[in-house]
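The lines below spell out each chain.
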Amino acid sequence: MEHASPSFWNIFQKKHKVIHCEAGGPPEIEIRDLTVAYPRNTVISELTCHFNVPSLWAIVGPNGGGKSTLLRTLLGLQKPTTGKVIFRGFCPCDVAYLAQQNQLDRRFPLTVGDTIAMGLFREVGIFRRYTKEQRGKMQAALEQVGLASFAKTPLQALSGGQFQRVLFARLILQDAPVIFLDEPFTGVDTRTIADLIKLVHVWVQEKRLVIAVLHDTALVNEHFPNTLLLARQFYREGATEKVLTKTNIESMIETSQAWEAMIGEGPHG
Amino acid sequence: MVDFFISPFADYIFLRRALMACMALALGCGPVGVLLVLRRMSLMGDALSHAILPGAAIGFLIGGLSLPAMGLGGFIVGFIVASLSGVISRFTILNEDASFAGFYLISLALGVLIISTQGSQVDLMHILFGTILAVDNTSLFMVTGITTFTLCILAIIYRPLLIECFDPGFLRVIGGWGGMYHFLFLVLVALNLVAAFQALGTLMALGMMMLPAVSSRLWARHVWSLFLFSSFFAVLSGYFGLLLSYHLEWPSGPSIILMAGLIYAISLFIAPFGALKRQQGRD
């Protein structure tokens with residue numbers, strides 16, 4: 001949420017140098033004893049888990065449970081209180097990130113083509129023209145998300161689902177080995193969800209790591225082999241069928257109710 | 001016709017200078033205003049433009065009614081205020097817009113106080129409402145210099161700046177220096193406000209940026225065409241504003257801004273994305 005508003009102070013905010021990179025070993029993200037605390041509350045406490053590359057992970061949990069904080073920490077935008085994040089076999093700039101859709105202004109005067117071209121920014125830099133090959137890639141990405149004839153369409157003419165398809169096309173062009181998706185299917189029609197999930201599976205087949213924050217547990221059960229259930233101090237990680245059990249979900253609800261009660265009492269105590 | 005539209009500028013050198021200053025101003029403020037609107041930072045622009053006043057007042061105390069002295073003072077103080085309110089919103093419960101409002105009221109009061117105690121009532125009017133008819137060569141060079149600088153910088157950082165406007169998180173994640181582009185853009189806003197304040201005064205300096213920019217949004221759907229429309233509208237309002245102020249003996253600043261306002265009002269009715277056209281499209 002925070003980085004959406006162009007706050008003056010944010011310009012001084014750099015990526016925290018909290019992510020350690022190691023060259024050797026099979027590519028993976030290792031999170032070791034990670035604790036992230038804001039002044040008044042601890043959002044993530046002593047989280048330890050591994051995300052192998054390639055694999056497909058869902059992060060599930062109640063609001064305020066630390067899902068977005070975890071993603072922000074993995075992106076280097078949030079400094080952990082203690083613990084370590086280690087990237088093996090790739091560096092933080094190899095991560096592609098899809099923010100929540102409501103952070104973007106859909107009436108911004110750009111065309112679909114302009115928007116997906118951002119995915120090539122690291123390749124082309126500030127001045128260079130797009131080569132024929134790159135234009136070919138853009139068209140291919142558009143075809144992959146089912147928007148082949150939309151390159152010249154302005155963003156404001158798109159539906160919510162089409163807009164999300166555009167952002168996925170941008171992710172395709174970024175060609176990153178690690179992809180984070182923050183609630184990618186919220187406010188998106190079912191047909192688009194089905195198409196985009198197919199795309200996510202293609203990414204995993206292409207040996208990428210995809211981590212998605214999701215709300216819909218039915219969707220997770222059906223499509224995501226691994227899940228991290230996160231509700232502040234309570235967490236479970238592993239194969240989805242072992243994580244999304246009734247007992248785990250009940251204890252998740254219990255812990256989240258406990259801290260919601262605390263917040264309720266907060267102003268008085 | 002010629003008498004009405006051209007002769008005033010042919011006859012009087014001060015009007016010619018004023019017109020040139022307006023044109024230069026329009027070319028710089030047009031694009032900057034569009035970006036300000038797209039970033040939803042019009043309030044930030046408002047705060048910056050008022051924050052310029054005490055700085056300009058201090059510059060006025062030191063250098064008298066000279067644009068470079070007042071401009072430099074305004075630029076520095078404007079920037080300090082912008083950073084301070086950013087810091088305050090970060091460390092207190094106040095939102096950025098609230099702390100901006102607080103700061104710009106204080107700056108406005110402070111500026112008016114300094115000028116009215118140290119200068120005359122006339123000086124105060126000049127600084128608040130502009131003295132475009134008194135543009136001399138130095139200020140003309142300054143305004144054109146600022147415009148040139150603005151357009152060059154915008155040309156250089158166009159692509160990343162647009163990405164930063166549309167999706168700041170994206171640029172940060174892919175390792176672009178998002179912060180630097182944001183900072184450079186703020187410098188450009190402050191510079192253009194300083195340039196505009198001799199012509200329009202600190203109270204209305206922002207008008208040359210905002211009004212043409214919001215009007216252009218009703219005409220165009222691409223950033224480059226928004227820039228063109230916005231600059232064009234700014235040039236038009238500068239020219240007709242000066243013309244009106246000459247023929248009707250109106251003060252120049254308000255005439256220019258009112259012309260910009262008129263263009264906005266007309267655009268609302270006849271522009272392709274204006275209020276009327278939109279309704280027709282729905283039917």
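Residues numbered from 1 in each chain as written. Chains lettered and ligands numbered in written order. Predicted model: local features only at pLDDT ≥ 70, side-chain atom pairs only at ≥ 80, totals over all residues. Heavy atoms only, no water.

Observations concerning the interface of chain A and chain B
And step 1. With 38 residues of chain A at the contact, the number on the chain B side is 39 residues.
And step 2. Summed over the shared surface of chain A and chain B, the result is two salt bridges.
And step 3. With a shortest N-O distance of 2.7 Å, B:Asp167 and A:Arg170 are connected by a salt bridge.
And step 4. Here chain A is connected to chain B by five residue pairs in polar contact (both at pLDDT 80 or more). (Contact = heavy atoms within 4.5 Å. Salt bridge = Lys/Arg side-chain N within 4 Å of Asp/Glu carboxyl O. Polar contact = N/O pair within 3.5 Å; in protein donor to acceptor, adjacent residues only side chain to side chain.)

Digging into the nonpolar core
And step 1. Residues A:Phe168, A:Leu181 and A:Trp203 are the most contacted members of the largest nonpolar core, which totals 142 residues.
And step 2. Per element, the largest residue contribution to this core is 16 residues, and it comes from helix H10 (residues 178-204) of chain B.
And step 3. Not counting residues up to four positions away in its chain, the partners in contact with A:Trp203 are A:Phe168, A:Leu171, A:Ile172, A:Ile179, A:Arg208 and A:Val210.
And step 4. Core analysis: the next-biggest nonpolar cluster, separate from the first, contains 32 residues, A:Trp57, A:Phe87, A:Val95 and A:Leu228 among them. (Core = buried A, V, L, I, M, F, W, Y, C linked by side-chain atoms within 4.5 Å. Buried < 20%, exposed > 50% of the residue type's maximum accessible area, 1.4 Å probe, protein only. Helix = DSSP H or I, 4+ residues; strand = E, 2+ residues; numbered from the N terminus.)

With respect to the packing of aromatic side chains
Geometry of an aromatic ring pair is reported as the spacing of the ring centres plus the angle between the planes.
All names here are of chain B.
And step 1. Taken as a whole and assessed by the stated rule, the structure comprises 18 aromatic pairs over all chains.
And step 2. Measuring from ring centre to ring centre gives 6.0 Å for Tyr 158 and Phe 227, while their planes differ by 75°; the resulting arrangement is edge-to-face. With a gap of 69 residues between them, Tyr 158 in helix H8 (residues 137-166) and Phe 227 in helix H12 (residues 223-248) connect regions that are remote in the sequence.
And step 3. When its relative accessible area of 32% is taken as the criterion, Tyr 158 is described as partly exposed.
And step 4. Of the residues examined, Phe 227 reaches a relative accessible area of 13% and is grouped as buried. (Phe/Tyr/Trp six-rings, centres within 6.5 Å; stacked < 30°, edge-to-face > 60°.)

Section: the pattern of salt bridges
Residues and elements named next belong to chain A.
And step 1. Taken as a whole and assessed by the stated rule, the structure comprises twelve salt bridges over all chains.
And step 2. Note that Arg 32 and Glu 30 form a salt bridge whose closest N and O atoms lie 3.0 Å from each other.
And step 3. Since its relative accessible area comes to 9%, Glu 30 is described here as buried.
And step 4. By sharing partners, the salt bridges in this structure join Glu 22, Glu 28, Glu 30, Arg 32 and Arg 88 into a single network.

Topic: the sheet that holds strand S1 (residues 19-22) of chain A
The strands making up a sheet are joined through hydrogen bonds of the backbone, oriented either antiparallel or parallel.
Residue and element names in this part refer to chain A.
And step 1. Strand order in this open sheet of four strands is S1-S5-S2-S3, and the pairing throughout is mixed. Single-partner strands in this sheet number two, and they are S1 and strand S3 (42-52). Pairs of neighbouring strands in the sheet enclose a mean axial angle of 20°, with direction left out of account.
And step 2. Both strand S2 (residues 28-37) and strand S5 (residues 82-88) contribute to a ladder of six bridges, which runs antiparallel. Bridge pairing in S5 links Arg 32 to Lys 84.
And step 3. Across the sheet, helix H1 (residues 67-74) touches S1, S2, S3 and S5, and the angle it forms with S2 is around 120°. (Pairing = 2+ DSSP bridges. Axes fitted to C-alpha atoms, helices over the stretch in contact; angles between N-to-C directions.)

Comments concerning the confidence of the model for chain B
Residue and element names in this part refer to chain B.
And step 1. For chain B, mean pLDDT is 86; residues scoring 70 or higher make up 95% of the total.
And step 2. Averaged over each element, pLDDT in chain B is lowest for helix H14 (residues 275-282) (58) and highest for H12 (94).
And step 3. Two summary scores accompany this predicted model of the complex, namely pTM at 0.85 and ipTM at 0.81. (pLDDT = per-residue confidence, 0-100.)

A few points about the state of the cysteines
Residues and elements named next belong to chain B.
And step 1. Scanning all chains against the criterion turns up zero disulfides over all chains.
And step 2. There is no disulfide at Cys 29, and the cysteine sulfur nearest it, in Cys 22, is 10.0 Å away.
And step 3. A residue is classified by how much of its surface remains accessible, and Cys 29, at 0% relative accessible area, is buried. (Disulfide = S-S within 2.5 Å.)

Thoughts on a nonpolar patch on the surface
Residues and elements named next belong to chain B.
And step 1. A surface patch of nonpolar side chains, amounting to about 420 Å² of accessible area, comprises Tyr 12, Ile 13, Phe 14, Leu 133 and Tyr 246.
And step 2. Take Tyr 246: it is sitting in helix H12.
And step 3. Its relative accessible area of 30% is what places Tyr 246 among the partly exposed residues. (Patch = residues over 30% accessible without salt bridge, like charges linked within 9 Å, V, L, I, M, F, W, Y side chains within 5 Å. Areas by Shrake-Rupley, 256 points an atom, 1.4 Å probe, with all protein chains shown as cover.)

What about H12(B)?
And step 1. Across its 26 residues, H12(B) extends 36 Å between first and last C-alpha, which sits within 8% of the 38 Å expected from 1.5 Å per residue.
And step 2. Looking at the residues trailing H12(B), positive phi occurs at B:Glu249, about 55°. (Expected span 1.5 Å × (residues − 1).)

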